[in-house]
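Take a look at the letters that make up each chain.
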Amino acid sequence: MHPTHSQPAPLTPVQQEVVSALTAGVPVTAAAKAAGLHRSTIYVWRKTNSAFTAALAQAQRDRLTRLRGLTRETNLNTILAALSNPAPIDTFDTPPPSRTEPKPPPGASTPRNAPCPCGSRLKYKRCCGRNAPPAVSNRE
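Reading guide: rules and limits
Residues numbered from 1 in each chain as written. Predicted model: local features only at pLDDT ≥ 70, side-chain atom pairs only at ≥ 80, totals over all residues. Heavy atoms only, no water. pLDDT = per-residue confidence, 0-100. Helix = DSSP H or I, 4+ residues; strand = E, 2+ residues; numbered from the N terminus. Axes fitted to C-alpha atoms, helices over the stretch in contact; angles between N-to-C directions. Parallel < 35°, antiparallel > 145°, perpendicular 65-115°, else oblique. Contact = heavy atoms within 4.5 Å. Nonpolar A, V, L, I, M, F, W, Y, C, P; charged D, E, K, R; others polar. Patch = residues over 30% accessible without salt bridge, like charges linked within 9 Å, V, L, I, M, F, W, Y side chains within 5 Å. Areas by Shrake-Rupley, 256 points an atom, 1.4 Å probe, with all protein chains shown as cover. Salt bridge = Lys/Arg side-chain N within 4 Å of Asp/Glu carboxyl O. Lys, Arg positive; Asp, Glu negative; His and termini not counted. Charge placed at Lys NZ, Arg CZ, Asp CG, Glu CD. Buried < 20%, exposed > 50% of the residue type's maximum accessible area, 1.4 Å probe, protein only. Phe/Tyr/Trp six-rings, centres within 6.5 Å; stacked < 30°, edge-to-face > 60°. Core = buried A, V, L, I, M, F, W, Y, C linked by side-chain atoms within 4.5 Å. Disulfide = S-S within 2.5 Å.

### Some thoughts on the confidence of the model for the protein chain
Inference 1: When pLDDT is averaged along the protein chain, the result is 77, and 66% of the positions lie at 70 or above.
Inference 2: Of all the helices and strands in the protein chain, helix H5 (residues 89-93) carries the lowest mean pLDDT, 53, while helix H3 (residues 39-48) carries the highest, 93.

Next comes the structure, spelled out in structure tokens:
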């Protein structure tokens, strides 16, 4: 006799629910909890149930195809919006605002642990402070 290839059993409603959850990006543990299962059950289904594995793979492929289509559509809409309302050229050449430390008022002493006002990005006590270590040269 020749072996017969039977069609895989259809998914149960719980398995369909898990496939939908996993395809939507829900973690395995959360999908299992929502379906009233232990997470290891889903791992067993993935390894031993060919119908579950095939349905999950197909659902993920379908979702990826839909997302790629949305991405292309969104990119096209963004490009069309940019072409219909072009921004002035100087908008792109403007550098981002820089974050600078506020400078102390003239005559105020700099706290020891504050950034040095000379701009070295060191603490004042390690740079220009009264007890600053002597400068070491690596040149000989």
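### So, the packing of helix H1 (residues 13-23) against H3
Inference 1: Here H1 crosses H3 at 95 degrees, and the two axes come no closer than 12 Å. By the angle between their axes, H1 is roughly perpendicular relative to H3. Here Val14, Gln15, Val18 and Leu22 of H1 come into contact with H3, specifically with Ile42, Trp45 and Arg46.
Inference 2: Residue classes in the contact of H1 with H3 are distributed as 5 nonpolar, 1 polar and 1 charged.

### Notes on the packing of helix H2 (residues 28-35) against H3
Each pair of packed helices can be summarised by the angle the axes make with each other and by the distance between the axes.
Inference 1: Closest axis-to-axis distance for the H2/H3 pair is 8 Å, and the angle between their directions is 105 degrees. Considering their axes alone, H2 and H3 lie roughly perpendicular with respect to each other. In this structure, H2 contributes Val28, Thr29, Ala31 and Ala32 to the contact, and H3 contributes Arg39, Ile42, Tyr43 and Arg46.
Inference 2: Broken down by class, the residue content of the contact of H2 with H3 amounts to 5 nonpolar, 1 polar and 2 charged.

### Some details on a positive patch on the surface
Inference 1: Together, Arg112, Lys123, Arg126 and Arg130 make up a positively charged patch on the protein surface.
Inference 2: Counting through the fold element by element, Lys123 comes out in the segment after H5.

### A few points about unusual backbone geometry
Inference 1: Positive phi outside glycine occurs at Arg121, with the angle close to 70 degrees.
Inference 2: Note that Arg121 resides in the segment after H5.
Inference 3: By relative accessible area, Arg121 is classed as exposed at 81%.

### Notes on the packing of aromatic side chains
Inference 1: Per the counting criterion, the structure on display carries 1 aromatic pair.
Inference 2: Taken together, a centroid distance of 5.3 Å and an interplanar angle of 55 degrees make the contact between Trp45 and Phe52 tilted.
Inference 3: For Phe52, a relative accessible area of 0% corresponds to the buried category.

### Some remarks on the nonpolar core
Inference 1: Counting residues in hydrophobic clusters, the biggest one holds 15 residues, and the most contacted among them are Val18, Val19, Leu22, Ile42 and Phe52.
Inference 2: When residues of this core are traced back to their parent elements, those giving at least two are H1, H2, H3 and helix H4 (50-84).
Inference 3: Once you skip the residues sitting within four places of it in the chain, Val19 turns out to touch Leu11, Phe52, Ala55, Leu56 and Ala59.

### Observations concerning the state of the cysteines
Inference 1: Taken as a whole, this structure holds 0 disulfides when the rule is applied.
Inference 2: Sulfur of Cys127: no disulfide; nearest cysteine sulfur belongs to Cys118 and is 3.5 Å away.
Inference 3: A relative accessible area of 24% means that Cys127 is categorised as partly exposed.
Inference 4: Cys128 takes part in no disulfide bond, and the closest cysteine sulfur, belonging to Cys116, lies 3.5 Å away.

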